[in-house]
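# Inside the fold
Okay, here's what each chain looks like letter by letter:
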Amino acid sequence: MIPRLNIRFPIKRQWQYWFGKQYEPRQGEYLLNHARSGIVIALRVSLPNGGRVGVVAYNCHTVANAVVHAGCKPVFVDVTEDLRIDIDSLPVNLDAIIVTNLFGIRNDIAVIRKRLPKAVIIVDNAHGYGLPEEGDFTVYSINQGKFPSLGEGGILLVNDEILMANEVYSNLPSYGFIAQVKLFVQMQMKALAYNRCIYWLTIRMKKTSNPKVNKTIVMRKMAPGIRRLFKAWLPYAREEIARQKRNATKITDCIIGDNGFMAVLKCDYPTVLQMRYAGYGVETATHFKNAIVWAEQFGYVRGSCPKAEELTEHLLMIPTYRAL
């Protein structure tokens, strides 16, 4: 079975690079444990007294949770048919907006800036490492299941207010020795569990319950070992991103994305297609199918974002990381 997410970072490479040289950030770049930690820092720096923050309704619950954790109020906005932000649905009184490039599908920042000239723009590239640095802040994810899938890490790029970001970042705790050992062991166990030869067993052991979405975010600086993995991966980044795009094209002509994190299909009966792909040994997923249920826990009102609600019932994601 080919897993829908690429979490199987080879154990040999983990051992080879974990103890190598660390990646050193450039000016305005902050290495964290998660991309959501970067969103929290960006909001605390730009809106220290809180504010109204636009959040895509079809999204992961961690984005709205980060907004709440930063002391702000999430305001949900709709998406278009191609999973970009619906500009017409954007309230003009937003203090900030998190522009999530879902599955690597880029939004037009210039158009959003024109619509919201005074709002802080935070670009969420958790699904697309290598996409341009845009807006006032940009966050990337190198967490397991993202691309690249290196372990537990996020990157925040700050285009302004660097001194204030330095102050917030310097107060974050670092990974202790025990925490690093635990992270390293977890990574190896997941690498084994996501081996395609035994993944059928892993699927049966997965939890099916919905996660608690409104919870405290533990913020840390990026683990030193992850920084070393990231430094080792960077020389191959361009080649791996190109391979991901080629794989996406091979899988389906229905791909709508820039970096091929996943192939996105819109269909009437996604669960039927899921069963067919499973028959060929490929795990697919109705990604974010609980997005509206999650959003409701942060104050979302049904009917506010009709397109997002529709897409939760009709989208199917197909992995693109392995050439077929």
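Residues numbered from 1 in each chain as written. Predicted model: local features only at pLDDT ≥ 70, side-chain atom pairs only at ≥ 80, totals over all residues. Heavy atoms only, no water.

This part is about the packing of aromatic side chains. Scanning the entire structure with this criterion turns up 12 aromatic pairs. Plain terms: the ring middles of F147 and W233 are 6.3 Å apart, the flat faces sit at 90° to each other, and that makes the pair edge-to-face. A residue pair is termed long-range when its members are at least 10 positions apart, and F147 in the loop between β6 (137-141) and β7 (154-158) and W233 in helix α8 (residues 224-233) qualify at 86 residues. For the pair F147 and W233, a shared accessibility class is recorded, and that class is buried. (Phe/Tyr/Trp six-rings, centres within 6.5 Å; stacked < 30°, edge-to-face > 60°. Helix = DSSP H or I, 4+ residues; strand = E, 2+ residues; numbered from the N terminus. Buried < 20%, exposed > 50% of the residue type's maximum accessible area, 1.4 Å probe, protein only.)

In terms of burial, α8 is largely enclosed, as 9 of its 10 residues are buried. Of the positions making up α8, those classed as buried are P224, G225, I226, R227, R228, L229, F230, A232 and W233.

A few words on the pattern of salt bridges. Applying the stated criterion across every chain yields a total of 11 salt bridges. Between R113 and D136 there is a salt bridge, with the nearest N and O atoms lying 3.4 Å from each other. Here D136 lies in the loop between β5 (120-125) and β6 and R113 lies in helix α4 (residues 109-115), a separation of 23 residues in the sequence. For R113, a relative accessible area of 28% corresponds to the partly exposed category. Residue classification places D136 among the partly exposed positions, given a relative accessible area of 23%. In this structure, K307 and E310 form a salt bridge, with 2.9 Å as the shortest nitrogen-oxygen distance. One end of the pair, K307, and the other, E310, are both in helix α12 (residues 306-311), 3 residues apart, so they sit about a helical turn from each other. (Salt bridge = Lys/Arg side-chain N within 4 Å of Asp/Glu carboxyl O.)

All right, on to unusual backbone geometry then. With an omega of 0°, the peptide bond running from F147 to P148 counts as cis. Its location among the elements puts P148 in the loop between β6 and β7. The backbone of L83 sits at a positive phi, close to 70°, despite the residue not being glycine. Looking at where L83 falls in the secondary structure, it is placed in the loop between β3 (73-77) and β4 (96-100). Look at L83 and you get buried, because its relative accessible area is 1%.

Fair warning: the whole summary comes from geometry, so function is off the table for now.
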